[in-house]
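These are the residues of each chain, in order.
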Amino acid sequence: MNGRHGIAPLSELLEERRYLLDLAYGLLRSASRADDAVEETYRRWYAMGDGEIPNPRAWLADTLVTHCRSRPDAPGDPEAYDAPERAERGHDIAAARDAPALGDVTKAPGAHGPGRKAALPGAEPFGAAARGAGRARDHGPRYEALGELARQSLRARAAGHVTAAQHRAVVGEFRTACQIGDEGRLAALLAPDVSAVFDGGGRIRTPDRPVGGAPHVARSLATLLAPSTGTALAEESVNGRAGLVVRCGHRVAAAITLDTRAHLIVNVWLVLNPDRLRGWNRS
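Anyway, here's the lowdown on the structure attached to this text. Just so you know, these numbers come straight off a predicted model, no measurement behind them.

Parameters and conventions
- Residues numbered from 1 in each chain as written.
- Predicted model: local features only at pLDDT ≥ 70, side-chain atom pairs only at ≥ 80, totals over all residues.
- Heavy atoms only, no water.
- Helix = DSSP H or I, 4+ residues; strand = E, 2+ residues; numbered from the N terminus.
- Areas by Shrake-Rupley, 256 points an atom, 1.4 Å probe, with all protein chains shown as cover.
- Phe/Tyr/Trp six-rings, centres within 6.5 Å; stacked < 30°, edge-to-face > 60°.
- Lys NZ or Arg CZ within 6 Å of the ring centre and 35° of its normal.
- Contact = heavy atoms within 4.5 Å.
- Buried < 20%, exposed > 50% of the residue type's maximum accessible area, 1.4 Å probe, protein only.
- Expected span 1.5 Å × (residues − 1).

Details of the overall build of the chain
Per the secondary structure count, the chain includes nine helices and six strands. If you sum the accessible surface of the chain, you get close to 12300 Å²; carbon and sulfur atoms cover 53% of it.

Considering the packing of aromatic side chains
All chains considered together, the criterion is met by one aromatic pair. Where Trp45 meets Trp59, the ring centres are 5.7 Å apart and the plane angle is 70°; that geometry is what we call edge-to-face. Linking Trp45 in helix α2 (residues 31–47) with Trp59 in helix α3 (residues 56–70), this pair joins segments that are 14 residues apart in sequence. Taking NZ or CZ as reference, Arg57 lies 4.1 Å from the ring centre of Tyr19, over its face. In this arrangement the basic side chain of Arg205 is found over the ring face of Trp45, its NZ or CZ atom lying 5.6 Å from the centre.

Overview of the side chain of Thr206
Secondary-structure assignment places Thr206 in the loop between β1 (190–199) and β2 (211–212). In contact with Thr206, other than residues within four places in its own chain, are Tyr46, Phe198, Gly200 and Leu272.

So, unusual backbone geometry
With a phi angle near 60°, Arg29 is a residue other than glycine that sits in the positive phi range. Looking at the element boundaries, Arg29 is found in the loop between α1 (10–28) and α2. Take Arg29: its relative accessible area is 37%, and that puts it in the partly exposed class. A positive phi angle, near 55°, is found at Asn239, a position not held by glycine. Here Asn239 is to be found in the loop between β3 (231–238) and β4 (241–248).

A short note on helix α7 (residues 164–179)
Side chains that are three or four residues apart share a direction in an α-helix, a result of its 3.6 residues per turn. An ideal rise of 1.5 Å per residue puts 22 Å on 16 residues; α7 measures up with 22 Å between its terminal C-alpha atoms. Buried within α7 we find His167, Val170, Val171, Gly172, Phe174, Ala177 and Cys178. At its buried positions, α7 is contacted by α8 (183–188), α9 (214–224), β3, β4, β5 (251–261) and β6 (264–271).

Here you go:
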């Protein structure tokens, strides 16, 4: 993936985060400090602005290593920087830390399991997204954009008069289009002025601005949700209505809600922030 504001398949983004956690643990020998270092590295990524970066993963790794080595709590033993066995040992610790760290999107009561407490993306002006994905920058315009999208979301639900069955049918079509990787079929489900918000919370590399327009949204979704070994897209109740979750193994890596008007999707909310998915990943 090239550029600052593009998007990559979710499986690659998850592997990238795991790689950075392993690398940081190998340097710092502490799961909590490694997690903090990775978060700081993503903060620096979002703080850069709009410059082009041909190889984001290499940039993130270089930035992470520099940051870890400059920390006052970094180990003094230089062998810590070249000890793959320590990174391998850190893999399990990072996994254990990430599992509970994956937040606050509700899994509704019913056939899919017990209810979990959380906030509806459209009802909250995506505060968690705005707080997370660029803490070092002035987010005035971003707050305004997300707040307006949230208001549009509520207006769409109020004015659309879409029945639960109609909404569920659109969600099913959306899932099918993603599963077969049909970008054209996906675009046909989207309103011309559709918007998509990717809430990575600054903890996974996602676009830090809403993506707008059917062609751009379809391309972004087709890329992010591209079928891959080890991930599965399933229909489940999210925030009390039909939605979708992406599972990687036994963990939920993303929760998706759609706002529909008639038979078209007008807003897409994708929560990828591990903190906000914590409730889905508790035993």
